[in-house]
Amino acid sequence: MDNLPGFLGHLFVITAFVSAVLAAVAYYNVEIAHQKNDSNNAKTWQGLARWSFGAHAVCVLAIILTLFSLIYTHNYTYHYVWSHSSNNLPVYYMISCFWEGQEGSFLLWIFWHVVLAFFVVRRSAAWESSVMWVFASVQAFLCSMILGVVIPYLEVKIGSSPFILLKDAMPNAPIFKMNPAFVPTDGNGLNPLLQNYWMVIHPPTLFLGFAITLVPFAFLIGGMQKKMVSDWIKPALPWGLLGVAVLGIGIMMGAYWAYETLNFEGYWNWDPVENAVYVPWLVLVGAVHLMFSERRRPSASKWAAILVASTFILILYSTFLTRSGILGNASVHSFTDLGLSGQLLIYLLFFTLVAIAYMAYAWKAFPESEKEVSVYSGEFWVFMGALVLCLAAFQVLVPTSIPVYNALLKNFGIASNVAPPADQVEFYTKFQLWFGFGVALLSATAQFFWWNRAEAKNLLDLLAIPLMLTMLVSAGIIYAQGIKDWQQISLLTAAIYSLVSNTAVLIRIGRSGARLSGGAVAHVGVALMLVGILISSAFSEVISLNTTGLLYSKEFSDETNKNNLLLFRNTPQKMQAYTITYKGPRVDSRNARGYINRDDVQILPKNERMIARKNIFDKDSSLIAKKGDTLQVYGENTYYEVDLVDEKGKKFTLFPRVQLNPDMGTAASPDIQHFWAGDLYAHLSNIPDPDKEVKWSKADTFEVALRDTFVVNDFIAVLEEVSKAQPEADEDFLIYAKVRILDNGIDYELRPKFKLKGNMASRPPEISEAAGIRMVFENINPTTNRFKFSVQSTQKDWVIIKALNKPFVNILWIGTILMGLGTLIAVWQRFADWRRANA
């Protein structure tokens with residue numbers, strides 16, 4: 001019975017693939033019948049096409065429900081479930097498990113196409129057959145990626161099924177040879193870095209953006225098939241705008257996830273997978289602007305068509321890059337190769353050839369320009385903006401594709417020594433800075449010429465006030481921030497010019513109603529993003545400077561020794577305007593609203609359960625657990641509590657995280673305190689190695705009476721209590737001591753024990769990691785009522801932290817919101833125009 005869900009799921013996959021192929025063939029024949037004016041044949045094929053695609057949609061939903069039910073019920077009979085989930089995950093991370101692997105992410109992509117197809121057909125009935133044969137063809141290719149079947153005799157495998165059994169995926173594993181019916185009790189779990197709320201919403205948003213790029217492409221192919229070289233633009237434009245908004249927001253969600261989860265101290269690292277998404281988005285933005293221009297200048301339809309086709313092909317190319325394994329270790333985001341590289345290449349080449357063929361078929365039908373476009377027209381500046389966007393995309397695409405060139409040359413027996421840029425951030429930034437400069441200038445200038453009738457004689461009057469305001473605002477920021485680099489001054493001035501100009505346009509057209517303001521709002525957002533990127537990156541300041549003049553370790557880099565602060569537990573230190581104190585490690589549990597002191601619990605093997613060593617209270621002083629109770633714990637995560645107090649006495653607490661994962665090693669994540677003028681960003685650079693054997697000092701012996709004080713490891717210790725306790729089953733006598741360690745207002749409690757069984761005494765050591773003390777209850781002198789303890793010491797608990805000020809980074813996030821909002825306003829306007837035109 002455990003195999004039944006997988007059998008049904010695989011059956012649904014096969015049915016979804018077959019029905020998609022059938023729908024593609026049927027819809028294509030509908031279009032052919034329409035061209036032949038054969039309405040009866042068209043009606044017959046259309047009925048089959050609709051039923052086929054409907055069956056495909058039902059099967060897709062059934063596949064998703066089946067796979068998620070297997071994840072939710074922890075059915076580790078299946079390889080996909082075992083590989084990506086575990087018993088300890090909350091439900092919202094089980095959702096992330098669904099699309100962590102290749103098969104699940106393909107399913108997510110397929111699902112969004114089904115949803116979009118419903119809306120496209122409903123809004124554009126006249127284009128149904130033209131668009132839907134392309135949709136169904138894409139669905140057939142995507143479903144083939146999760147087909148998981150082997151062609152008889154040829155022994156060629158098509159796709160990788162999410163419903164393959166664990167024993168079939170790992171046939172040579174010794175456990176299955178000994179016990180073929182073996183089922184693991186737990187799974188490998190979700191990648192710890194993906195256990196973040198942004199990873200619940202970022203991938204669906206990004207894949208929705210990918211899916212939306214199919215819609216204008218499908219309208220384009222439908223238009224080329226009919227040689228309607230301009231008519232396709234009107235129904236495609238709202239979807240193109242929606243793709244710009246969703247894909248752009250999805251990209252920035254990923255940037256924010258990186259900012260608060262990874263510790264490279266930024267939000268964009270020019271990773272090949274980041275680039276592979278950024279490039280088609282840039283081209284899509286250019287395409288949408290040319291689609292707007294087509295109404296005024298019909299010849300723009302040719303370039304709009306090229307860019308729309310290029311956007312979709314680049315999405316397929318990015319899929320090939322990230323899923324074929326060709327990037328190897330060049331990206332931390334890429335999927336492992338599941339043997340799909342051949343299918344992905346066929347998928348890419350097929351639709352590339354389809355686009356080229358239909359564009360060539362309709363090429364002569366594209367309108368030509370009757371006269372040169374005027375430099376004073378908005379269309380000229382829009383075209384220039386689209387050109388700059390495409391050049392920016394090309395500059396990123398070429399070096400990102402170096403692994404592809406190397407693999408291609410290798411297939412021809414040619415060894416290539418070309419390597420991707422060693423310092424990706426520096427390499428791409430030095431070029432993209434100037435493309436950003438161009439985008440800022442052109443987005444402002446194009447808006448002026450688009451909304452104003454400009455000529456040489458009134459040009460100065462139009463631009464005088466914006467240019468003066470730009471100079472004043474730019475000069476103020478340059479002076480306040482002390483900017484001296486001419487490149488930074490250039491980009492800042494251009495961004496302020498774009499901000500001022502687009503704000504002026506927004507005020508003017510806003511009087512006519514919000515429906516026309518989308519473009520100006522989006523451009524204001526882009527200008528703010530450029531300002532935020534420049535200031536937060538160029539003027540990021542390390543504040544955790546080592547001012548002692550001492551090296552922490554010769555093994556550390558100069559940067560680590562210079563720009564990081566060594567903190568001992570409960571020992572305050574000065575860090576520029578803050579007093580910083582490391583308070584100790586904490587753990588996270590679904591039983592508590594806050595973090596739990598790790599010293600108060602004993603974490604059990606597998607890092608899923610912990611036993612309370614004392615009564616544990618929540619933030620509101622309510623009891624979470626009594627001593628001896630068992631609690632759930634996310635044991636791979638340790639949070640290090642760091643208190644900061646500024647010069648005005650304002651206090652806040654950060655909890656930078658370290659994840660210890662046996663498969664992925666140690667991963668540090670920052671914590672961030674947000675202020676209106678910027679962020680304080682902190683992450684741990686080093687912690688004591690938990691697997692390294694502790695080196696204890698030579699033991700010191702103390703004989704003390706009750707309430708005596710003694711000094712251990714530079715702390716004052718007080719023997720507060722010695723009490724007899726109920727012995728355990730294998731003991732005759734049990735006594736424990738209560739020793740309090742005083743440390744800067746923080747007390748640690750040790751309870752060393754003395755046990756007797758017959759004539760044999762045992763003395764288990766009591767250890768305080770916080771104080772760096774190991775204490776043993778050695779003996780009792782009943783005559784003098786004195787108690788003997790041996791004490792060893794080691795280095796106190798410590799962490800090394802790096803902290804930075806990120807000035808005005810909030811400008812970037814505000815700009816992102818405005819860019820998305822403005823684009824969505826434009827989407828609403830275009831959909832409304834389309835509804836009115838087809839009413």
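An account of the accompanying structure is given in this report.

What counts and what doesn't
Residues numbered from 1 in each chain as written. Predicted model: local features only at pLDDT ≥ 70, side-chain atom pairs only at ≥ 80, totals over all residues. Heavy atoms only, no water. Helix = DSSP H or I, 4+ residues; strand = E, 2+ residues; numbered from the N terminus. Buried < 20%, exposed > 50% of the residue type's maximum accessible area, 1.4 Å probe, protein only. Contact = heavy atoms within 4.5 Å. Areas by Shrake-Rupley, 256 points an atom, 1.4 Å probe, with all protein chains shown as cover. Lys, Arg positive; Asp, Glu negative; His and termini not counted. Charge placed at Lys NZ, Arg CZ, Asp CG, Glu CD. Pairing = 2+ DSSP bridges. Axes fitted to C-alpha atoms, helices over the stretch in contact; angles between N-to-C directions. Disulfide = S-S within 2.5 Å. Core = buried A, V, L, I, M, F, W, Y, C linked by side-chain atoms within 4.5 Å. Parallel < 35°, antiparallel > 145°, perpendicular 65-115°, else oblique. Left-handed = near helix turned anticlockwise from the far one by under 90°. Polar contact = N/O pair within 3.5 Å; in protein donor to acceptor, adjacent residues only side chain to side chain. Phe/Tyr/Trp six-rings, centres within 6.5 Å; stacked < 30°, edge-to-face > 60°. Lys NZ or Arg CZ within 6 Å of the ring centre and 35° of its normal. Salt bridge = Lys/Arg side-chain N within 4 Å of Asp/Glu carboxyl O. Expected span 1.5 Å × (residues − 1).

## Topic: the overall build of the protein chain
Of regular secondary structure, the protein chain possesses 22 helices and 29 strands. Summarising its shape, the C-alpha atoms of the protein chain cover approximately 115 × 75 × 55 Å along the three principal directions. Within the protein chain, the fraction of its 839 residues that count as buried is 53%. Residue pairs in contact within the protein chain that sit at least 24 positions apart in sequence constitute 67% of those at least 6 positions apart. Per element, the accessible surface of the protein chain, about 39,300 Å² overall, is 60% carbon and sulfur. The centroid of the 67 positive side-chain charges in the protein chain is displaced by 6 Å from the centroid of its 65 negative side-chain charges.

## Quick look at the side chain of Asn-196
The topology assignment puts Asn-196 in the loop between α8 (174-178) and α9 (198-212). Other than its neighbours up to four places away in sequence, Asn-196 contacts Tyr-93, Trp-257, Glu-260 and Thr-261.

## Some details on the sheet that holds strand β12 (residues 630-632)
Pairing is antiparallel across the open sheet formed by three strands, whose spatial order is β8-β9-β12. Edge strands, defined here as strands with exactly one partner in the open sheet, are β8 (601-603) and β12. Across the sheet, the axes of successive neighbouring strands diverge by a mean angle of 35°, strand direction being ignored. Relative to strand β9 (residues 609-612), β8 runs antiparallel, the two being bridged by three bridges. Bridging from a neighbouring strand, Ile-603 pairs with Met-610 of β9.

## Side note on the state of the cysteines
A complete count under the given rule lists zero disulfides for this structure. With no disulfide of its own, Cys-59 has Cys-143 as its nearest cysteine by sulfur position, at a separation of 9.0 Å. A relative accessible area of 8% places Cys-59 in the buried class. Residue classification places Cys-143 among the buried residues on the basis of a relative accessible area of 2%.

## Quick notes on the sheet that holds strand β26 (residues 766-768)
The strands that make up a sheet pair up through hydrogen bonds in the backbone, lying either parallel or antiparallel. Taken together, four strands build an open sheet; the order of strands is β19-β28-β27-β26 and the sheet is antiparallel. In this open sheet, the two strands that pair with only one neighbour each are β19 (700-704) and β26. Adjacent strand axes in the sheet meet at a mean angle of 25° when their direction is disregarded. When strand β27 (residues 773-781) meets strand β28 (residues 786-793), the two strands line up antiparallel, connected through eight bridges. Note that in β28 the partner of Val-776 across the bridge is Ser-790.

## Here we look at the nonpolar core
Formed by 161 residues in total, the largest nonpolar core has its most connected members in Trp-109, Phe-135, Phe-217, Phe-219, Met-224, Trp-232 and Phe-351. In terms of residue count, helix α11 (residues 233-261) provides more of this core than any other element does, 17 residues in total. Of all hydrophobic cores here, the second largest spans 23 residues; its members include Leu-719, Leu-750, Ala-771 and Phe-787.

## Thoughts on the packing of helix α13 (residues 300-323) against helix α15 (residues 378-400)
Where α13 meets α15, the closest approach of the two axes is 13 Å, and the angle between their N-to-C directions is 20°. The pairing of α13 with α15 is recorded here as roughly parallel in orientation. The handedness of the crossing between α13 and α15 comes out as left-handed. Together, Trp-303, Leu-307, Leu-314, Tyr-317 and Leu-321 of α13 and Phe-383, Cys-390, Leu-397 and Thr-400 of α15 make up the contact between the two elements.

## Considerations on the side chain of Ser-52
Note that Ser-52 resides in helix α2 (residues 39-72). In this structure the side chain of Ser-52 is engaged in a polar contact, spanning 2.8 Å, whose partner is the backbone oxygen of Leu-48. Residues contacting Ser-52, with those up to four places away along its chain left out, are Ser-19, Leu-22 and Ala-23.

## Points about the pairing of strand β29 (residues 798-807)
Most of β29 sits out of view: nine of its 10 residues are buried. In the sheet, strand β3 (residues 541-542) pairs with β29 via two bridges, with the strands oriented antiparallel. If you follow Val-542 over to β29, its bridge partner there is Leu-804. Of the pairings in the sheet, the one linking strand β4 (residues 565-568) to β29 comprises four bridges and is antiparallel in character. For Leu-565, the partnering residue across the bridge sits in β29 and is Ile-801. Relative to β29, strand β18 (residues 678-686) runs antiparallel, the two being bridged by eight bridges.

## So, the packing of aromatic side chains
With the rule as written, the count across this model stands at 51 aromatic pairs. Here Phe-141 and Phe-350 contribute two aromatic rings whose centre-to-centre distance is 5.1 Å and whose plane-to-plane angle is 40°, an arrangement assigned as tilted. Taken together, the residues span a long stretch of sequence, with Phe-141 in helix α6 (residues 128-144) and Phe-350 in helix α14 (residues 341-362) at a distance of 209 residues. On the basis of an interplanar angle of 65° and a centroid distance of 5.6 Å, the ring pair of Trp-363 and Phe-366 is categorised as edge-to-face. The aromatic ring of Phe-831 is capped on one face by Arg-123, whose charged end is 4.9 Å from the ring centroid.

## Examining the environment of Phe-652
Relative to the helices and strands, Phe-652 resides in strand β14 (residues 651-654). Judged by relative accessible area, Phe-652 falls into the buried class, the value being 8%. A sequence separation of 10 residues divides Phe-652 from Val-642, and the C-alpha atoms of the two residues are 8.7 Å apart.

## Some words on the pattern of salt bridges
Applying the stated criterion across every chain, the model contains 21 salt bridges. The salt bridge involving Asp-599 is made with Arg-569; its shortest N-O contact spans 2.6 Å. Within this pair, whereas Asp-599 is found in the loop between β7 (595-597) and β8, its partner Arg-569 is found in the loop between β4 and β5 (573-575), the two being separated by 30 residues in sequence. Accessibility expressed as a relative area gives 26% for Asp-599, which makes it partly exposed. Assessed through its relative accessible area of 1%, Arg-569 is described here as buried.

## A look at the pairing of strand β23 (residues 746-750)
Inspection of the sheet shows strand β22 (residues 733-743) paired to β23 by five bridges, in the antiparallel sense. By the bridge assignment for β23, Arg-740 is matched with Glu-749.

## Topic: α9
Here α9 is 15 residues long and its end C-alpha atoms lie 21 Å apart, about the 21 Å a rise of 1.5 Å per residue gives. Taken across its 15 residues, α9 has 14 buried, putting it largely inside the fold.

## Comments concerning unusual backbone geometry
Notably, Asn-37 is not glycine yet its phi reads approximately 60°, a positive angle. Relative to the helices and strands, Asn-37 is located in the loop between α1 (4-35) and α2. Even without glycine at this site, Gln-576 takes up a positive phi of about 50°. Here Gln-576 lies in the loop between β5 and β6 (578-588). Given the relative accessible area of 38%, Gln-576 is considered partly exposed.

## Observations regarding the packing of helix α10 (residues 214-225) against α11
Between two packed helices, both the angle of their axes relative to each other and the distance between the axes serve to describe the pair. Relative orientation of the contacting elements α10 and α11 amounts to 160°, with a least axis distance of 8 Å. Taken together, the axes of α10 and α11 are roughly antiparallel relative to one another. Pair α10 / α11 crosses with left-handed handedness. Of α11, the residues touching α10 (which contributes Val-215, Pro-216 and Phe-219) are Pro-235, Ala-236, Trp-239 and Gly-240.

## Description of the environment of Pro-420
Take Pro-420: it is sitting in the loop between α16 (402-411) and α17 (424-451). Given a relative accessible area of 37%, Pro-420 falls into the partly exposed group. As for Pro-420 and Gly-6, which are separated by 414 residues in sequence, their C-alpha atoms are 42 Å apart.

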